[in-house]
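# Architecture and fold: a report
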Amino acid sequence: MKSSSPRHTSTRDYNHEIVSANTDVAYRTWMAKYPSALSSFERITNFAKGKRIALFLDYDGTLSPIVDNPDFAFMSIDMRAAVAKVAKYFPTAIISGRSHDKVYDFLGLTDLYYARSHGMDIMGPVRESSDDPPNCIRSTDKQGKGVKLFQIASEFLPMIDEVFNSLVNTTKEIK
Ligand SMILES: O=P(O)(O)OC[C@H]1O[C@H](O[C@H]2O[C@H](CO)[C@@H](O)[C@H](O)[C@H]2O)[C@H](O)[C@@H](O)[C@@H]1O
C-alpha cells in the first residue's frame, strides 16, 4: 500500500522538500500581508473613498511579460490602453530600474510620471497649476511636450563621465 506522504529517497530530496515547504510558507505569509489587488478590489475602493489616489506601477513583469531579451519586453496594446486610461483619472507613475530612454520608449505615453534608473532620474508632466519644487528643471520630452525633470545625481555627472572615460582609456591601453 502506498504511504500518503512520499518517501524521501535521499537527503537531497529531503532538503529540497524543506526548501519548497519554507518557500511556500514564506509566499503564503507574504500574500496574506499583501493580497492581490484583483481579489481585494472592493476593500481598496472602500479604503480609497475621499482620498487622492496615485498609481505606482512597475514595468518588467508587471506591465510587460518577463522575456529572455530585455530589449523585447514589450507591453501589449491592451495594457498600454489600460495605463493610458487610468492615467487620465489618477496621477500614474512607472517605477523602473531601467534607464531613461528604455522605459519611455516602451510605454510611449506622455502625461505619466517616470522614475527611472532606480529613482535617480524622474520625469513628470508639467501641470501649470502646481509650483516647481526645488531641484526641478523644465525640459521637453521626445514628443516635444513640456516635462519636469528631477535628476538628483546630476551634480555628479561630470565625475561619472570622468570615471567612465578613464575606464575606457584604461581598457584601450590593456588591449
Ligand atoms: O526595477 P525593475 O523595473 O523591476 O527592473 C528590474 C530589471 O528589469 C529588467 O530585467 C527583467 O526583465 C527582463 C525582460 O523581461 C528579463 O529578461 C530579466 O530576466 C528580468 O530581470 C531589466 O532588463 C533590468 O535592467 C532591470 O534591472
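All of these numbers come straight from a predicted model, not from anything done at the bench. In this numbering scheme, every chain counts its residues from 1 along its sequence in written order. Since the coordinates come from a predicted model, pLDDT governs what is reported: local features require at least 70, and pairs of side-chain atoms require 80 or more to be given and counted, while whole-chain, interface and lining totals use all residues. Based on all heavy atoms of the structure, the side-chain values leave hydrogens and waters out of the count.

## A look at the packing of aromatic side chains
Aromatic ring pairs are described here by two measures, namely the spacing of the ring centres and the angle between the planes. Put simply, two rings from Phe, Tyr or Trp (the six-membered ring, in Trp's case) pair if the centres are within 6.5 Å, and we call them stacked under 30 degrees between planes, edge-to-face over 60, tilted for the rest. Under the defined criterion, the tally for this structure stands at five aromatic pairs. With a centroid separation of 5.0 Å and 45 degrees between ring planes, the pair formed by Trp30 and Tyr34 is classed as tilted. Given the relative accessible area of 44%, Tyr34 is considered partly exposed. Centre to centre, the rings of Tyr59 and Phe106 are 5.3 Å apart; their planes meet at 10 degrees, and the pair counts as stacked. Residue Tyr59 is located in the loop between strand 1 (55-58) and helix 3 (77-89), and its partner Phe106 is located in helix 4 (residues 100-107); the two are separated by 47 residues in the primary sequence. For a ring to carry a charge above it, either NZ of a lysine or CZ of an arginine must fall within 6 Å of the ring centroid while also lying within 35 degrees of the normal to the ring plane. Geometry around Phe47 places Lys51 over its ring, the cationic atom sitting 4.0 Å from the centre. Per-residue accessibility, obtained with a 1.4 Å probe over protein chains only, is compared with the maximum for each type, and a residue is labelled buried under 20%, exposed over 50%, and partly exposed between these values. Helix and strand assignments come from DSSP, with helices taken as H or I runs of at least 4 residues and strands as E runs of at least 2, each series counted from the N terminus.

## Details of a nonpolar patch on the surface
A grouping of Phe156, Leu157, Met159, Ile160, Val163 and Leu167 is seen on the molecular surface, where their side chains present a nonpolar patch of about 570 Å² in accessible area. For Val163, a relative accessible area of 47% translates into the label partly exposed. For patch building, the residue pool is restricted to those with more than 30% relative accessible area and no salt bridge; the joining distance is 9 Å between like charges and 5 Å between nonpolar side chains (Val, Leu, Ile, Met, Phe, Trp, Tyr). Computed by Shrake-Rupley with a 1.4 Å probe, the accessible areas treat only the displayed protein chains as cover when residues are assessed. What counts as a salt bridge is simple: a side-chain nitrogen of Lys or Arg found within 4 Å of a carboxyl oxygen of Asp or Glu.

## Thoughts on the sheet that holds strand 4 (residues 121-125)
For two strands to be treated as a pair, DSSP must find at least two bridges joining them. As summarised here, the arrangement of the six strands in space is 1-2-3-4-6-5, forming an open sheet in which the pairing is mixed. A strand with exactly one partner marks an edge of an open sheet, and here the two such strands are strand 1 and strand 5 (136-140). Along the sheet, successive strands turn relative to each other by an average axial angle of 25 degrees, direction set aside. Pairing analysis gives four bridges linking strand 1 to strand 2 (residues 92-95), with the strands arranged parallel. Axis geometry follows a simple rule: fit a line to the C-alpha atoms, using only the stretch in contact for helices, then measure angles between N-to-C directions, giving values from 0 to 180 degrees.

## Some thoughts on the layout of surface pockets
Throughout, the protein atoms alone are placed on a 1 Å grid, and a set of points is a cavity if a 1.4 Å probe fits but cannot get out or a pocket if it is open with protein on both sides within 12 Å along at least five of seven lines; lining residues have an atom within 4 Å of a point. Grid points are joined across faces, edges and corners, and a volume is the space filled by probe spheres set on the points. Its volume calculated, the largest pocket comes out at about 570 Å³. Looking at the largest pocket, it is lined by 14 residues, and the ones nearest its centre are Ala37, Phe41, Ile44, Ile53 and Leu55. Residue polarity follows a fixed list, in which Ala, Val, Leu, Ile, Met, Phe, Trp, Tyr, Cys and Pro are nonpolar, Asp, Glu, Lys and Arg are charged, and the others, Gly among them, are polar. Of the residues that constitute the lining of the largest pocket, the class distribution is 12 nonpolar, two polar and no charged. What the second largest pocket holds in volume is close to 180 Å³. Forming the walls of the second largest pocket are Lys33, Pro35, Ser36, Ala37, Ser40, Arg43, Ile44 and Phe47. Take the lining of the second largest pocket: its biggest share by element is three residues, from helix 2 (residues 41-48). Split into classes, the residues belonging to the lining of the second largest pocket amount to four nonpolar, two polar and two charged.

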